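Summary of the model geometry
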Amino acid sequence: PLVLGIETSCDETGVGVVRGRTLLADAVASSVDEHARFGGVVPEIASRAHLEAMVPTIERALAEAGVSARDLDGVAVTAGPGLAGALLVGVSAAKAYAYALGKPLYGVNHLASHIAVDQLEHGALPEPTMALLVSGGHSSLLLAPDITADVRPLGSTIDDAAGEAFDKIARILQLGFPGGPVIDRYAREGDPAAIAFPRGLTGPRDAPYDFSFSGLKTAVARWVEARRAAGENVPVADVAASFQEAVTDVLTRKAIRACRDEGVDHLMIGGGVAANTRLRALAEERCADAGITLRVPRPKLCTDNGAMVAALGAEMVARGRSVSSWDLPADSSLPVTEPHVPGTAAP
Ligand code: ATP
Ligand code: MG
Ligand code: FE
């Protein structure tokens, strides 16, 4: 099926086009620069930027794909979770577009899309797939017997998300926003063993699949403050590398343990933090040791984009999932257990 996907859950206006599991176009307009001076995404600015970017980004994606809107088999859209006002722009656009063209509408879950996108890179996901979802707002281990209908959370963060931790540490180090890419860059020049930062929730009595990054954040902040108070230079690259090592060590350890416990031999890593070069390398190394096949999409498909929405939408069409009704709501706290949002009224 030929499917167009629209993503507006945060600050990226993404429109992608796929044919089945083949990526045809991935157009992204980001308002990230407009948020940088506030140190975080400002919802009102994001919504307005989506409104302005929506139509040009749809046109760009269709042109890039070289297809006509008339030939689409469906329009998929992120129904949640995310920023309410931002989601509303995408959902409204998708409804208007699908209705005008006479095409079926599919409301899909942003988190499930972060997993489904890997089908564009590595083909059909094994069933079940173990997924480590690490992004700006979420960090979870998910067992996915069917990405369109059955996603089961095994554990998740009890405080900060992994991406949020990267953003906070970048702020402490005064490296700007978003923090992930810049920490990743600095860490390459640093020593990951320079400072022994704590690994949260890794004790024998701790929940095996839950994460905690707020203690790590506090430890890094204290360490940096102590240096500054003593008038010493802060070795930014070493702090970045040691912090990044603590995060990626815990993420990979727990993901592999979940695979072993559940008897799953495929691990997928998705979400913005999956773009992290150390996470990718360490997961590669540890999965190889454990006999687990690792699947991580290319970095551009890890951060928010429309192709991931189209990928999940195409799978919905292929599996005959029901079409969403025209009253499809934008749900800012849509749980990951609902990959597909049918709406309430008959289509
Ligand atoms: P969610 O998907 O939970 O709704 P989101 O959509 O804001 O959150 P994504 O776009 O999936 O999040 O990911 C953004 C996050 O990924 C940010 O916190 C950013 O710092 C982080 N990130 C991006 N690139 C990297 C990287 N190379 N290393 C570490 N973190 C990264
Ligand atoms: Mg973003
Ligand atoms: Fe995301």
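Heads up: the structure comes first, above all this text.
Note that the structure is predicted; figures quoted are calculated from it, not measured. (Residues numbered from 1 in each chain as written. Chains lettered and ligands numbered in written order. Predicted model: local features only at pLDDT ≥ 70, side-chain atom pairs only at ≥ 80, totals over all residues.)

Bringing the packing of helix 2 (residues 43-65) against helix 3 (residues 84-101) into the picture now. Closest axis-to-axis distance for the helix 2/helix 3 pair is 8 Å, and the angle between their directions is 20°. By the angle between their axes, helix 2 is roughly parallel relative to helix 3. The element helix 2 and its partner helix 3 pack so that their crossing is right-handed. Contacts between helix 2 and helix 3 involve Pro-43, Glu-44, Ala-46, Ser-47, His-50, Leu-51 and Met-54 from the former and Gly-85, Ala-86, Val-89, Gly-90 and Ala-93 from the latter. The residue inventory of the contact of helix 2 with helix 3, partitioned by class, reads seven nonpolar, four polar and one charged. (Axes fitted to C-alpha atoms, helices over the stretch in contact; angles between N-to-C directions. Helix = DSSP H or I, 4+ residues; strand = E, 2+ residues; numbered from the N terminus. Parallel < 35°, antiparallel > 145°, perpendicular 65-115°, else oblique. Left-handed = near helix turned anticlockwise from the far one by under 90°. Contact = placed C-beta atoms within 7 Å. Nonpolar A, V, L, I, M, F, W, Y, C, P; charged D, E, K, R; others polar.)

A separate point is the sheet that holds strand 8 (residues 150-156). Ordered by their spatial adjacency, five strands build an open sheet running 8-7-6-9-10, and the pairing between neighbours is mixed. Each edge of the sheet is formed by a strand with only one pairing partner; in this case those strands are strand 8 and strand 10 (293-295). Strand-to-strand twist of the sheet, defined as the mean angle between neighbouring strand axes without regard to direction, takes the value 25°. Pairing of strand 6 (residues 129-134) with strand 7 (residues 139-146), which is carried by six bridges, proceeds in the antiparallel orientation. Bridging from a neighbouring strand, Met-130 pairs with Leu-143 of strand 7. (Pairing = 2+ DSSP bridges.)

Here we come to the site of ligand 1. Taken together, 24 residues sit near ligand 1, with Gly-136, Gly-137, Gly-163, Gly-180 and Gly-272 positioned nearest. For the shell around ligand 1, the elements supplying multiple residues, two or more each, are helix 6 (162-172) and helix 7 (179-187). (Near = placed C-beta within 6 Å.)

This part covers the sheet that holds strand 5 (residues 105-109). In spatial order, the strands read 3-2-1-4-5-11; together these six strands make up an open sheet with mixed pairing. Two strands close off the open sheet at either side, each with one partner strand: strand 3 (22-30) and strand 11 (340-341). By the bridge criterion, eight bridges tie strand 2 (residues 12-19) to strand 3 in an arrangement that is antiparallel. When the sheet's bridge partners are listed, Gly-14 is paired in strand 3 with Val-28. Contacting strand 1 (2-7), strand 2 and strand 3, helix 2 runs over the sheet at an angle of about 25° to strand 2. Helix 3 rests against strand 1, strand 4 (74-80) and strand 5 of the sheet, and its axis sits at about 160° to strand 4.

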